[in-house]
Amino acid sequence: DAGVIQSPRHEVTEMGQEVTLRCKPISGHDYLFWYRQTMMRGLELLIYFNNNVPIDDSGMPEDRFSAKMPNASFSTLKIQPSEPRDSAVYFCASSPGQGVSGANVLTFGAGSRLTVL
Amino acid sequence: RKEVEQDPGPFNVPEGATVAFNCTYSNSASQSFFWYRQDCRKEPKLLMSVYSSGNEDGRFTAQLNRASQYISLLIRDSKLSDSATYLCVVNIYTGTASKLTFGTGTRLQVTL
């Protein structure tokens, strides 16, 4: 398996532009997570899906952020409009279900480094 | 109070030294625990799960203390290649939702 695949790896955009980040999880994994990492705040959970259904989006910072998972092999995280404070590394991770403990070991993608000017 | 807290470090140790990190968590309903390692400008990768009885993987030993709500990671005979940030992760599963929360990490620098 190729692991979790994210694109783009790097994106530089101007304030106000729409940004779309993409993720392909590992085949067969039931859970998909989106995290954001900054020096100041570390890794923050934005949203996660179980079997393509959003379960907890309480970490999404505001309405400018949205995430979708139209099928088991693809998810997007969209920021519209983007702002300089959105600059961060965005990680997608997937995990197999583990019955009574839910999601378990996470496998991360290489991340998408976003810079908003 | 943060859900998962770690000393950010850095911990600067010479090669061959033993070093230990602690991580505290606030939710007593936390069910599973992990240590991840993150190299500079890379993604986090699982280092080891943490079991109630404690577990060892080569030079690495993880311990869980539920009463005091902390987990620890001990690295023996440190290598230069151990230099990285070590992230503590706590999982809370409610039956319908599984939330994995990361600490901000402890940076380790092993020197000659």
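All residue numbers here refer to positions counted from 1 along the written sequence of the relevant chain. By the order in which they are written, chains take letters starting at A while ligands take numbers starting at 1. Thresholds applied to this predicted model are a pLDDT of at least 70 for local features of residues and 80 or more for the giving and counting of side-chain atom pairs; totals over whole chains, interfaces and linings are not thresholded and use all residues. Calculated side-chain values reflect all of the structure's heavy atoms, with hydrogen atoms and water omitted.

1. Some thoughts on the overall build of chain B
Each helix and strand counted, chain B has zero helices and eleven strands in total. Where helices and strands are cited, they refer to DSSP runs of H or I of at least four residues and of E of at least two residues respectively, numbered from the N terminus. Reading chain B from its N end, one meets helices and strands in the order β-β-β-β-β-β-β-β-β-β-β. What you see for chain B is a C-alpha radius of gyration of 14 Å, in line with the 13 Å of a compact globule of 112 residues. By the burial criterion, 49% of the 112 residues in chain B qualify as buried. We compute the radius of gyration over the C-alpha atoms and compare it with the globule rule, which gives 2.2 Å times the number of residues raised to the power 0.38. Partly exposed describes any residue whose relative accessible area lies between the buried limit of under 20% and the exposed limit of over 50%, with all areas from a 1.4 Å probe on protein chains only and scaled to the type maximum.

2. As for unusual backbone geometry
Of the consecutive residues A:Ser7 and A:Pro8, the connecting peptide bond is found in the cis state with omega at -10°. Counting through the fold element by element, A:Pro8 comes out in the loop between β1 (5–7) and β2 (10–13). Here the amide bond leading from A:Gln80 into A:Pro81 is cis, since omega sits at -5°, within 30 degrees of zero. Checked against the element boundaries, A:Pro81 lands in the loop between β8 (74–79) and β9 (88–95). With a phi angle near 65°, B:Arg41 is a residue other than glycine that sits in the positive phi range. With respect to the helices, strands and loops of the structure, B:Arg41 is situated in the loop between β4 (32–38) and β5 (45–50).

3. A look at the interface of chain A and chain B
Of the residues lining the interface, 24 residues belong to chain A; the matching set on chain B comes to 20 residues. As used here, buried area is the combined drop in accessible area, with a 1.4 Å probe, of two parts when they are placed together. Between chain A and chain B, the buried area comes to about 1700 Å², and carbon and sulfur atoms account for 56% of it. Counting of polar contacts relies on pairs of N or O atoms within 3.5 Å, with two restrictions inside protein: one atom must be capable of donating a hydrogen and the other of accepting it, and residues adjacent in sequence are counted only when both atoms are side-chain atoms. On the surface where chain A and chain B come into contact, there are three residue pairs in polar contact (both at pLDDT 80 or more). Along the lines of polarity and charge, the residues of the side of chain A that touches chain B split into 14 nonpolar, seven polar and three charged. Here, two residues are considered to be in contact whenever any of their heavy atoms come within 4.5 Å of each other. Note on residue classes: Ala, Val, Leu, Ile, Met, Phe, Trp, Tyr, Cys and Pro are nonpolar, Asp, Glu, Lys and Arg are charged, and everything else, Gly too, is polar.

4. Here we look at the sheet that holds β1(A)
Residue and element names in this part refer to chain A. Taken in spatial order, the four strands make up an open sheet running β1-β3-β8-β7, and their pairing is antiparallel. The open sheet has two free edges, formed respectively by β1 and β7 (65–71), since each of these has just one partner strand. Across the sheet, the axes of successive neighbouring strands diverge by a mean angle of 15°, strand direction being ignored. Between any two strands, pairing holds if DSSP finds at least two bridges. Bridge analysis of β7 against β8 gives five bridges, and the strand direction is antiparallel. Bridged to Phe65 within β8 is Ile79. Angles here are taken between N-to-C directions and fall from 0 to 180 degrees, while the axes themselves are lines fitted to C-alpha atoms, restricted in helices to the stretch in contact.

5. Details of the environment of B:Leu80
Residues and elements named next belong to chain B. Along the chain, the position of Leu80 falls in the loop between β8 (70–75) and β9 (84–93). Sequence separation of Leu80 and Tyr51 is 29 residues, and the distance between their C-alpha atoms is 27 Å. Beyond its immediate stretch of four places on either side in the chain, Leu80 contacts Glu15, Val110, Thr111 and Leu112.

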